[in-house]
Amino acid sequence: MNSSYNLFKNKYRVLGVMSGTSLDGVDVVLVNFWLEKNKWKFKIEISDTLNYDSKWQERLAHAHHLSPKKLDELDHDYSLKLYEILSDFILKHSVGPVDAICSHGHTVLHEPDKGFTVQIGNQNLLSEMLGCTLICDFRVQDVENGGQGAPLVPVGDYLLFSDYSAAMNLGGFANLTRMDKDLLNAHDICALNTVINRLVTRENLKFDDKGQLASQGKIIQELLEELDNIAYYQVESPKSLGIENVEKDIWPLILKYPDHSTKDLLATYVEHVSKIIALEIGGAKSVLVTGGGAFNTFLIESIKKYAQSQLVIPDKTIVEYKEAIVFGLLGILRLRQENNIYASVTGCLEDHCSGKIYRPALAS
């Protein structure tokens, strides 16, 4: 697939690719971006989610336990999986030339306080096999510069959705961006669908549709108090979360209540995150809500009980694909050599332009 290389133009056509910690699949969007009066605009041409089969869900769910050698093998295999997914998307939709594929990869390890973060699927072979410029591996440089390497979406929130007071993504983890023009501020709030989706596997489900199970449960007061006192909530921003936090801080608490039903555990966890999220939203007037959690009616209503803000849920495409859209823009900023990570968000030493650029040999 051919790519164009006029990198300082005002119009771009890219593929944005995102795989989140909720393990539902890979989101792919074909997006047009353009600058209009120094403000970025976008229009989605095509969007699709390519679901993981049970084998890949299992491999990714346990990736953080792998040895370095096994992790390298998974990285290679996952790059081939991304090639399969993207080539199918390109063929199915007759995509044609794009400026770049901008891919987040899949996070398997994230411990920035120990100086590392690992995303798989960011190999040059993906660029070679697809015959297209690949922009990827956005987080590592930030961690090397003293940052959290997350969240990265806030820059896109600020550049694309600044009409709102704040933007909140309810995905595997919940995160919030405050649209302060003087000092953009954002951080991960709490683990969300990583916990909820894991709980419902007890009922042979992939997710709690509209929060129906949680709505039928009773709150376990002792567990709620323990969850509310997790140390992370007292840490000042910038801060971020990874699956390691779920394993260390949350799951051990849940396992202390083996005699309680899935419904009660879900009800308790939703109550917990609703209070934490509402507290973080604070006095924001209008909050754009995206991510899979936006479809969880019980969760949204529960947050509204505690929050004074107007929660705005946009059209379904934006809800589902905002992060993939944003990584498309982060890739464009990388091509343009413009900053796509802000120190006020990740805590890095200074604003910087992050991401690796791979070009196929035939294009060089």
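As shown above, the structure is provided for reference.
Residues numbered from 1 in each chain as written. Predicted model: local features only at pLDDT ≥ 70, side-chain atom pairs only at ≥ 80, totals over all residues. Heavy atoms only, no water.

(A) Up close: the overall build of the protein. Each helix and strand in the protein was counted, giving 13 helices and 13 strands. Taken against the 2.2 N^0.38 rule, which gives 21 Å for 364 residues, the C-alpha radius of gyration of the protein at 20 Å falls within 12% of a compact globule. For the protein, the spread of C-alpha atoms along the principal axes amounts to about 60 × 45 × 40 Å. In the protein, which comprises 364 residues, the share counted as buried stands at 56%. In the protein, 70% of the contacts between residues at least 6 apart in sequence involve partners at least 24 apart. Per element, the accessible surface of the protein, about 15900 Å² overall, is 49% carbon and sulfur. One way to put it: in the protein the 36 positive side-chain charges average out to a point 5 Å from where the 47 negative ones average out. (Helix = DSSP H or I, 4+ residues; strand = E, 2+ residues; numbered from the N terminus. Rg over C-alpha atoms; globule rule 2.2 N^0.38 Å. Buried < 20%, exposed > 50% of the residue type's maximum accessible area, 1.4 Å probe, protein only. Contact = heavy atoms within 4.5 Å. Areas by Shrake-Rupley, 256 points an atom, 1.4 Å probe, with all protein chains shown as cover. Lys, Arg positive; Asp, Glu negative; His and termini not counted. Charge placed at Lys NZ, Arg CZ, Asp CG, Glu CD.)

(B) Structural view of the sheet that holds strand β13 (residues 356-358). What the six strands build is an open sheet, ordered β3-β2-β1-β4-β7-β13; its pairing is mixed. The sheet terminates laterally at β3 (39-51) and β13, the two strands that pair on one side only. Neighbour-to-neighbour, the strand axes of the sheet open up by a mean angle of 20°, direction not taken into account. Both strand β2 (residues 25-36) and β3 contribute to a ladder of twelve bridges, which runs antiparallel. (Pairing = 2+ DSSP bridges. Axes fitted to C-alpha atoms, helices over the stretch in contact; angles between N-to-C directions.)

(C) Quick peek at the packing of helix α1 (residues 54-61) against helix α2 (residues 68-92). Remark: α1 packs on α2, axes separated minimally by 12 Å, with the N-to-C direction vectors making an angle of 140°. Handedness of the crossing formed by α1 with α2: left-handed. Mapping the contact onto sequence places Trp56, Arg59 and Leu60 in α1 and Leu74, Asp77, Tyr78 and Lys81 in α2. The class makeup of the residues in the contact of α1 with α2 is four nonpolar, no polar and three charged. (Left-handed = near helix turned anticlockwise from the far one by under 90°. Nonpolar A, V, L, I, M, F, W, Y, C, P; charged D, E, K, R; others polar.)

(D) Structural context of the pattern of salt bridges. Enumeration according to the criterion identifies 16 salt bridges in this entry. Of the charged contacts in the structure, one is a salt bridge between Glu45 and Arg13, with a shortest N-O distance of 2.7 Å. Taken as a pair, Glu45 in strand β3 and Arg13 in strand β1 (residues 11-19) lie far apart in primary sequence, 32 residues in all. By relative accessible area, which is 38% here, Glu45 ends up partly exposed. Taking relative accessible area as the criterion, Arg13 reaches 19% and is therefore assigned buried. (Salt bridge = Lys/Arg side-chain N within 4 Å of Asp/Glu carboxyl O.)

(E) Fine view of the packing of helix α8 (residues 221-228) against helix α10 (residues 262-281). Put simply, α8 and α10 touch, their axes get as near as 9 Å, and they point 35° apart. As for how α8 packs across α10, the hand of that crossing is right-handed. Note on element contacts: α10 touches α8 through Leu265, Thr268, Tyr269, Glu271, His272 and Lys275, opposite Leu223, Leu224, Leu227 and Asp228.

(F) Main features of the nonpolar core. In this structure, Met168, Leu170, Val195, Ile277, Ile281 and Val287 are the most contacted members of the largest nonpolar core, which totals 48 residues. Among the elements that make up this core, the one with the highest residue count is α10 (nine residues). Formed by 37 residues, the second largest nonpolar core is a distinct cluster that contains Tyr12, Met18, Phe138 and Leu329. (Core = buried A, V, L, I, M, F, W, Y, C linked by side-chain atoms within 4.5 Å.)

(G) Looking closely at the pairing of strand β5 (residues 106-111). Judged by how many residues are buried, β5 sits mostly within the fold: five of six residues are covered. As judged from the five bridges shared by β5 and strand β6 (residues 116-120), these two strands associate in the antiparallel manner. If you follow Glu111 over to β6, its bridge partner there is Phe116. The loop that links β5 with its antiparallel partner β6 comprises four residues; one of these, Gly115, has a positive phi angle of about 90°.

(H) Structural view of the sheet that holds strand β12 (residues 310-312). With mixed pairing, the five strands of this open sheet are ordered in space as β10-β9-β8-β11-β12. The strands lining the two open edges of the sheet, one partner per strand, are β10 (185-191) and β12. Put simply, the sheet's adjacent strands are angled 20° from each other on average, direction ignored. Relative to β12, strand β11 (residues 286-290) runs parallel, the two being bridged by three bridges. The partner of Val287 across the bridge, within β12, is Leu311.

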